[in-house]
Structures are given as C-alpha cells and as structure tokens.
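Residue-level structural notes
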Amino acid sequence: MRNVRAKRNETRGDGVREKEPRAHAKGHRDRQVEEVVHDPYMARSKPPEPALCPGCGVVYHRGRWQRAARPVKAHEHLCPACQRIKDRYPAGYVKLSGEFLGTHRDEIRHLVRNEEQREAEDHPLQRIMDITEEGGVTSVTTTDVHLARRIGEALHHAYQGKLDIKYSQDEYVVRVTWER
Ligand SMILES: [Zn+2]
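Below you will find a few notes about this structure. What you are looking at is a predicted structure, and each value in this text was computed from that prediction instead of being measured.

1. Regarding the packing of helix α6 (residues 105-118) against helix α7 (residues 145-159)
At a minimum axis distance of 10 Å, the contact between α6 and α7 shows a crossing angle of 130°. Here α6 is positioned oblique relative to α7, judged by the angle of their axes. When you trace α6 past α7, the crossing you get is right-handed. Of α7, the residues touching α6 (which contributes Glu107, Ile108, Leu111, Val112, Glu115, Glu116 and Arg118) are Leu147, Arg150, Ile151, Ala154, Leu155, Ala158 and Tyr159. Considering only residue class, the contact of α6 with α7 consists of 9 nonpolar, no polar and 5 charged.

2. Points about helix α4 (residues 80-87)
Where α4 is concerned, the buried positions are Pro80, Ala81, Cys82 and Arg84. Where α4 is buried, its residues meet α3 (40-44), β3 (64-66) and β6 (128-134). Phi for Arg88, located one or two positions after α4, is positive at around 50°.

What counts and what doesn't
- Residues numbered from 1 in each chain as written.
- Predicted model: local features only at pLDDT ≥ 70, side-chain atom pairs only at ≥ 80, totals over all residues.
- Heavy atoms only, no water.
- Axes fitted to C-alpha atoms, helices over the stretch in contact; angles between N-to-C directions.
- Helix = DSSP H or I, 4+ residues; strand = E, 2+ residues; numbered from the N terminus.
- Parallel < 35°, antiparallel > 145°, perpendicular 65-115°, else oblique.
- Left-handed = near helix turned anticlockwise from the far one by under 90°.
- Contact = heavy atoms within 4.5 Å.
- Nonpolar A, V, L, I, M, F, W, Y, C, P; charged D, E, K, R; others polar.
- Buried < 20%, exposed > 50% of the residue type's maximum accessible area, 1.4 Å probe, protein only.

What follows is the structure in structure tokens.
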C-alpha cells in the first residue's frame with residue numbers, strides 16, 4: 001500500500017517524466033557522421049570458401065559473391081541479398097510519384113527493371129525486392145543502396161523531374177524519392 005501511495009505522489013508532484021528528454025539527448029550525442037558505411041549483411045556474410053547460396057546460386061569465392069560455375073563441393077550459405085529478402089529488410093527505398101508517373105507507369109517500371117538487369121552480371125547482390133503501387137505512388141525496395149541510387153539517377157537522367165537521395169548516417173540505408 002505504501003508503494004502505491006508513493007508512486008501516486010511522484011506523478012502528482014512535478015509531473016515531469018525525466019527519462020524521455022534524457023534519452024533524446026543521448027541519441028543526438030551518439031549520432032556520428034561516417035563517410036564509408038558498410039553493409040552489415042555483407043559483413044556478416046563471410047562463409048568458408050567456396051560457398052553456394054541455396055537461394056539464388058551465386059558463389060562466394062575469393063572474398064566476394066559472384067556469378068560463377070557451381071563448385072563441385074561447396075558450403076551452403078545464404079548470400080546477403082537472399083538474407084535481406086528473407087528478413088524483408090531492404091537497404092534501399094525508392095518512392096516514385098507525380099502526374100507524369102501516372103501517365104507513363106509501364107515505361108517507368110520498365111526502366112526500373114532495366115536498371116536492375118543492366119548490372120546484374122557484375123553485381124548479382126543488387127536486386128529489386130518488391131515493386132508496389134499505392135495511392136498513385138510506386139515504391140521500389142532493393143537489397144543494396146547502390147541500385148536504389150542508380151534507379152533514381154536513371155529516372156532523373158531519362159525524364160528529369162525532382163530527385164532526392166538521402167543516406168542514413170548510421171545504417172546502411174538509402175531513401176530515394178523521384179517526382180514528376
Ligand atoms: Zn542468394
């Protein structure tokens with residue numbers, strides 16, 4: 001009973017909850033600007049060689065995931081792209097909107113897919129996860145920040161419009177918006 005009363009008195013007192021402002025202040029202080037941001041999925045994915053991804057068949061050899069002939073004997077290990085797809089954890093978010101998009105939807109979708117395929121051979125971990133439409137906005141998610149940026153730049157190059165690319169400072173995430 002005493003505890004209950006004590007708690008009531010505390011909240012009735014000054015009514016200020018101190019924990020929240022302190023937590024915010026800490027968040028700001030901890031934020032750091034890093035020029036090179038490493039993909040945590042890539043860092044975690046250093047299997048013994050050679051390794052084969054059971055999801056997509058890429059091979060880990062000489063320290064990198066690549067398209068290669070299937071090794072005779074290989075360790076099975078999900079590649080970073082398949083792991084992100086499995087976790088539903090994109091590295092790139094691309095949002096497309098505007099009137100022009102509404103009237104050129106197929107053409108723009110084609111360009112987006114084309115951008116993925118253009119470098120698929122050299123960069124097999126840069127993949128589109130999903131393309132969804134909602135309320136006139138097309139959302140594209142990618143397994144890699146570079147592909148998201150390239151999609152934005154390709155749209156801007158082909159159709160102009162307004163492009164914005166924002167990298168998060170502490171995570172391996174990029175948010176790209178394009179509007180026309
Ligand atoms: Zn894979």
